[in-house]
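Now for the letters of each chain:
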Amino acid sequence: MADNEFEGRTALVTGGSRGIGRAICVRLAQSGAKVAINYVSDADAARETRKLVNEAGGEGRIYKADVSELDQATAMHKEIEAEFGPIDLLVTNAGIAKFADDTEMGADVWNEILKVNINGTFHPVWLAKDGMTERGFGRIVCISSIAGLRPNTTRPNRLIAYGTSKAAVIGFVRNCGNAFGPEIRVNGVAPGLIDTDMTKDMSEENRQIVISRTPMRRTGKPEDIAELTHFLLSERASFITGQTYVASGGLVTLP
Ligand code: NAP
């Protein structure tokens, strides 16, 4: 769906190399954005995203950085601004999940998940917000999860740390939306179960349980999340800030 909504805009998508982040990069490129594709370890995947971005009509560049580390996030931010211009559109999508129930999870898993999913959201936003305010324009979407809205429904609950980290993202969005208006809008997206590398090792039994509880009777595609993200970044969402929207095939609306 090509349009010129983001012509002349620079976008940063953290974790843009694979899965949901890749689909977001491509969707923004279809609207003419210059897309900074961040990754941390999978350079081949990042190059593939760049190819797809360029084919979609945008201009892609790759930036390696662990966004949970402030020094790396800062260096990347400076590099993007020097090469690509100031960041207008920011999607904090980089995230990790480690599946461990309460008997398996120790402080190491807890700390790692909270560091990547919370600090990795905070750093890019904090680095971008002052410039966005000065220029009078900034659009931010932070990727959360339905795990941040309610506990995991399959047993045992192996998403305690992950769900906690994604609830923090929802709180961060609410507070930043309130703090950074009117120049900057900040919104969240809370996906349900999406087919990506993150979920590929899920047991077929659990996948079928989730599908059976999902009114749309399917898992989601990365493109489902990219479309909502695109909308929230666009001026069609000009009266929306501080909110987190669910895209889960209806799953989380059930008791
Ligand atoms: P994925 O396929 O595992 O991809 C994760 C992406 O994040 C990769 O691009 C990875 O880079 C990057 N990344 C991980 N840690 C990073 C770090 N410290 N610094 C920079 N980049 C980092 O995951 P996904 O399913 O697309 O998930 C994307 C986001 O959606 C995550 O925040 C996830 O929590 C959220 N989400 C996913 C689902 C789902 O069902 N899949 C549901 C709800 C929410 P490399 O390629 O270099 O490793």
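What counts as what
- Residues numbered from 1 in each chain as written.
- Predicted model: local features only at pLDDT ≥ 70, side-chain atom pairs only at ≥ 80, totals over all residues.
- Heavy atoms only, no water.
- Helix = DSSP H or I, 4+ residues; strand = E, 2+ residues; numbered from the N terminus.
- Rg over C-alpha atoms; globule rule 2.2 N^0.38 Å.
- Contact = heavy atoms within 4.5 Å.
- Areas by Shrake-Rupley, 256 points an atom, 1.4 Å probe, with all protein chains shown as cover.
- Lys, Arg positive; Asp, Glu negative; His and termini not counted.
- Charge placed at Lys NZ, Arg CZ, Asp CG, Glu CD.
- Expected span 1.5 Å × (residues − 1).
- Buried < 20%, exposed > 50% of the residue type's maximum accessible area, 1.4 Å probe, protein only.
- Arc of directions from axis to C-beta.
- Salt bridge = Lys/Arg side-chain N within 4 Å of Asp/Glu carboxyl O.

Chemist: How should the overall build of the chain be read in this particular structure?
Modeler: Counting its regular elements, the chain contains seven helices and seven strands. In sequence order, the chain lays out its α and β elements as β-α-β-α-β-α-β-α-β-α-β-α-α-β. The globule rule puts the C-alpha radius of gyration for 255 residues at 18 Å, and the 17 Å found for the chain is close to it. The principal-axis extent of the C-alpha atoms belonging to the chain is close to 50 × 40 × 40 Å. When contacts within the chain are restricted to residue pairs at least 6 apart in sequence, long-range pairs at least 24 apart make up 76% of them. When the accessible surface of the chain is totalled, it reaches about 11,600 Å², and 52% of it is carbon and sulfur. Of note, the chain has its 29 positive side-chain charges centred 3 Å away from the centre of its 32 negative side-chain charges.

Chemist: Mind showing me how you'd approach helix H2 (residues 43–55) here?
Modeler: Owing to its 3.6 residues per turn, the α-helix aligns residues three or four sequence positions apart on the same side. Between its terminal C-alpha atoms H2 stretches 18 Å, which fits the 18 Å expected from 13 residues at 1.5 Å a residue. Inspection of H2 places Ala45, Ala46, Thr49 and Val53 among the buried residues, and these make up the whole buried set. Around the axis of H2, the buried residues are gathered within 100° of arc, so they sit on the same side. Facing away from the buried side of H2, by more than 90 degrees, are the exposed residues Asp44 and Glu55. If you follow the buried residues of H2, they end up packed against helix H1 (19–30), strand S2 (34–39) and strand S3 (59–64). Gly57 sits one or two residues past H2 and shows a positive phi near 105°.

Chemist: What should I look at first to understand the side chain of Asn93 in this one?
Modeler: Its place among the elements puts Asn93 in the loop between strand S4 (89–92) and helix H4 (107–135). On the basis of relative accessibility, which here comes to 11%, the residue Asn93 falls in the buried class. Contacts of Asn93, omitting those with residues within four sequence positions, involve Thr14, Gly15, Ile20, Gly21 and Ile143.

Chemist: Could you clarify how one ought to interpret the pattern of salt bridges in this entry?
Modeler: Where charged atoms of side chains with opposite charge meet at close range, the side chains can pair. Summed over the entire model, instances satisfying the criterion amount to 20 salt bridges. Notably, a salt bridge pairs Arg27 with Asp3, separated by 3.9 Å at the nearest N-O pair. Taken as a pair, Arg27 in helix H1 and Asp3 in the segment before strand S1 (10–13) lie far apart in primary sequence, 24 residues in all. The buried category is assigned to Arg27, whose relative accessible area is 5%. One salt bridge connects Glu227 with Arg27, and the closest N-O pair in it is separated by 3.0 Å. In this pair, Glu227 sits in helix H7 (residues 222–233) while Arg27 sits in helix H1, placing the two residues 200 residues apart along the sequence. Here the salt bridges do not stand alone but share partners, grouping Asp3, Arg27 and Glu227 into one network.

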